[in-house]
Amino acid sequence: MLQEIATRVEEIRKKWEEDGRRVSSLKELEEVRIRYLGRKGLVTALFAALRELPPAERAEAGRLLNALREEIQGEIERLRTELQAAAEAERLRREAYDFTLPGVWRGVGKLHPLTQVRLEIERIFMEMGFDVASGPEVETDYYNFEALNIPEDHPARDEWDSFYIGEGLLLRTHTSPVQIRVMKSRKPPVRIICPGRCYRRDTPDATHFPVFHQVELLWVERGLTMAHLKWIIEEFVRQFFGPGYEMRFSADFFPFTEPSAQVHIRRRGGPWLEIMGAGMVDPAVFEEVGYDPEEVTGFAFGLGIERMAMLKYGIDDIRLFFQNDVRFLGQF
Ligand code: DAH
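Residues numbered from 1 in each chain as written. Predicted model: local features only at pLDDT ≥ 70, side-chain atom pairs only at ≥ 80, totals over all residues. Heavy atoms only, no water.

### With respect to the domain arrangement of the chain
Per the domain assignment, the segments making up the chain are domain 1 (2–95) and domain 2 (113–329). Placing the centre of domain 1 and that of domain 2 at their C-alpha centroids yields a distance of 93 Å. (Domains from an automatic or database assignment.)

### As for the pairing of strand 5 (residues 190–199)
Along strand 5, eight of the 10 residues are buried, which leaves the element largely enclosed by surrounding structure. Where strand 1 (residues 131–132) meets strand 5, two bridges bridge the pair, whose relative direction is parallel. Counterpart to V132 in the pairing with strand 5 is I193. Bridge count for strand 5 against strand 6 (residues 211–221) is 10 bridges, and the pairing is antiparallel. (Buried < 20%, exposed > 50% of the residue type's maximum accessible area, 1.4 Å probe, protein only. Helix = DSSP H or I, 4+ residues; strand = E, 2+ residues; numbered from the N terminus. Pairing = 2+ DSSP bridges.)

### Some words on a negative patch on the surface
A contiguous patch of negative charge on the surface is contributed by E146, E152, D153, E167 and E288. Here E288 lies in helix 9 (residues 283–289). (Patch = residues over 30% accessible without salt bridge, like charges linked within 9 Å, V, L, I, M, F, W, Y side chains within 5 Å. Areas by Shrake-Rupley, 256 points an atom, 1.4 Å probe, with all protein chains shown as cover. Salt bridge = Lys/Arg side-chain N within 4 Å of Asp/Glu carboxyl O. Lys, Arg positive; Asp, Glu negative; His and termini not counted. Charge placed at Lys NZ, Arg CZ, Asp CG, Glu CD.)

### Considerations on the site of the ligand
Around the ligand, the surrounding shell holds 16 residues, and the nearest of these are H174, S176, R200, Q214 and E216. S176 places a side-chain nitrogen or oxygen 2.8 Å from a nitrogen atom of the ligand. At 3.0 Å, a side-chain N or O of Q179 approaches an oxygen atom of the ligand. The protein chains hide 94% of the 350 Å² of surface that the ligand would expose on its own. Those elements that place two or more of their residues in the shell around the ligand are strand 6, strand 9 (273–281) and strand 10 (297–304). Among the residues forming the shell around the ligand, the class breakdown is six nonpolar, eight polar and two charged. (Near = heavy atom within 4 Å. Polar contact = N/O pair within 3.5 Å; in protein donor to acceptor, adjacent residues only side chain to side chain. Nonpolar A, V, L, I, M, F, W, Y, C, P; charged D, E, K, R; others polar.)

### Describing the side chain of Q179
Tracing the sequence through the fold places Q179 in helix 7 (residues 177–185). There is a polar contact of 2.6 Å between the side chain of Q179 and the side chain of E216. Ignoring sequence-local partners within four residues, the contact set of Q179 consists of E216, L217, L218 and A300. (Contact = heavy atoms within 4.5 Å.)

### Regarding the pairing of strand 7 (residues 245–254)
Of the strand pairs in this sheet, strand 7 and strand 8 (residues 257–267) are connected by nine bridges, and their pairing is antiparallel. When the sheet's bridge partners are listed, E246 is paired in strand 8 with R266. Hairpin connection from strand 7 to strand 8: two residues lie between these consecutive antiparallel strands.

### Observations concerning the packing of aromatic side chains
Here the structure, examined in full by the defined rule, presents 18 aromatic pairs. Taken together, a centroid distance of 5.0 Å and an interplanar angle of 25 degrees make the contact between F125 and F236 stacked. Here F125, found in helix 5 (residues 113–127), pairs with F236, found in helix 8 (residues 226–241); they are 111 residues apart in sequence, far enough to count as distant. Judged by relative accessible area, F236 falls into the buried class, the value being 0%. Ring centres of F328 and F332 lie 5.1 Å apart, and the angle between their planes is 65 degrees; on these two criteria the pair is classed as edge-to-face. Taking the relative accessible area as the measure of exposure, F328 reaches 9% and is therefore buried. (Phe/Tyr/Trp six-rings, centres within 6.5 Å; stacked < 30°, edge-to-face > 60°.)

### Structural notes on the environment of A86
With respect to the helices and strands, the residue A86 is situated in helix 4 (residues 55–95). C-alpha of A86 to C-alpha of S25: the two residues are 61 residues apart in sequence and 9.3 Å apart in space.

### Here we look at the sheet that holds strand 10
Here we have seven strands laid out as an open sheet, ordered 1-5-6-10-9-8-7, and mixed in their pairing. Bordering the open sheet on either side are strand 1 and strand 7, each of which pairs with just one other strand. Sheet strands touched by helix 8: strand 6, strand 7, strand 8, strand 9 and strand 10. Its angle to strand 7, the strand with the most contacts, is close to 135 degrees. (Axes fitted to C-alpha atoms, helices over the stretch in contact; angles between N-to-C directions.)

### Digging into the nonpolar core
If you look at the biggest cluster of nonpolar residues, it comprises 40 residues, and the most contacted ones within it are I121, F125, I233, F236, F301, L303 and M308. A per-element tally of this core places helix 8 first, with seven residues. In this view, F236 contacts I121, I124, F125, M128, L303 and M308; residues no more than four positions away in its chain are not counted. Counting residues in each nonpolar core, the second largest holds 27 residues, with A156, I192, V220 and Y291 among its members. (Core = buried A, V, L, I, M, F, W, Y, C linked by side-chain atoms within 4.5 Å.)

### A look at the pattern of salt bridges
Counted by the stated rule, this structure contains 27 salt bridges. Close ionic contact of R118 with E122 constitutes a salt bridge, the shortest N to O distance being 2.9 Å. Of the two residues, R118 and E122 are both situated in helix 5; the distance of four residues between them amounts to about one turn of the helix. Using a relative accessible area of 9% as the deciding quantity, one classes E122 as buried.

Written as structure tokens, this is what we have:
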């Protein structure tokens, strides 16, 4: 009887050696484990047969069976560790990132040159203590003209050929109406700039476009003179363009300033270029917004952002800003 058990143990060992060798996945390993060591497995069945042995042989048979079971169990653990390591290596290989693959190019966007210039202008004036104000692009005739001392039928209106969009409503032709809106809503002192979009019925050419941008500046306080205005502009030009520029004021006319001036700059030796209209706020404008012209004085200017960008970067056609050609826009 013991002999039979011993033979059977050897048979199972041989069979196991073959089956174990063939295992190539964790799933197969589990199947094999059940076939040998499971509740109805080959080894388990032999243990049941122990009970039928004469007591004197049981110990020896048990020893043989235990040795077989331990051998198979040990081998299964070893195979499990091996197969798990292989599976993990395979997973890493599959998920590995190939750094030599060509990348997917995503163009990095940038700010439009007019936006860059506007932000730079805002930075310079904010550092001087100016607030940034804004107003609507659809304006009333009152703010765009009348409150600025340009009554209907005044010949100066011809300077601002306008897009009317309804009774008394138009696309603002300049940022000057924001002066009125700000002064009507605040008491002096007032120190603001207002960047914004403006519209005029101009035929597009190298220096005109029906949509363009201005920065308005307004400073109202006691005791301000044209000297302060001149210093502010000089300092702005120095910061924006760098050193080496000359500045010139010449007489001009605007209904909302008295006196009024045109400001030209040039690189030493270069041609004079107009950069803005400016002047001391006309007393009629102060009266219109309820400020006392005997109390306060003030100055203002209106600056073309396109003009600034063209001078700074040497751009010779204003239309380029609005054609949205990335070959142009990408250069700034
Ligand atoms: N608003 C004027 C224009 O668009 C420019 C201007 C001139 C603005 C004189 C001002 C100023 O504030 O004082 O032509």
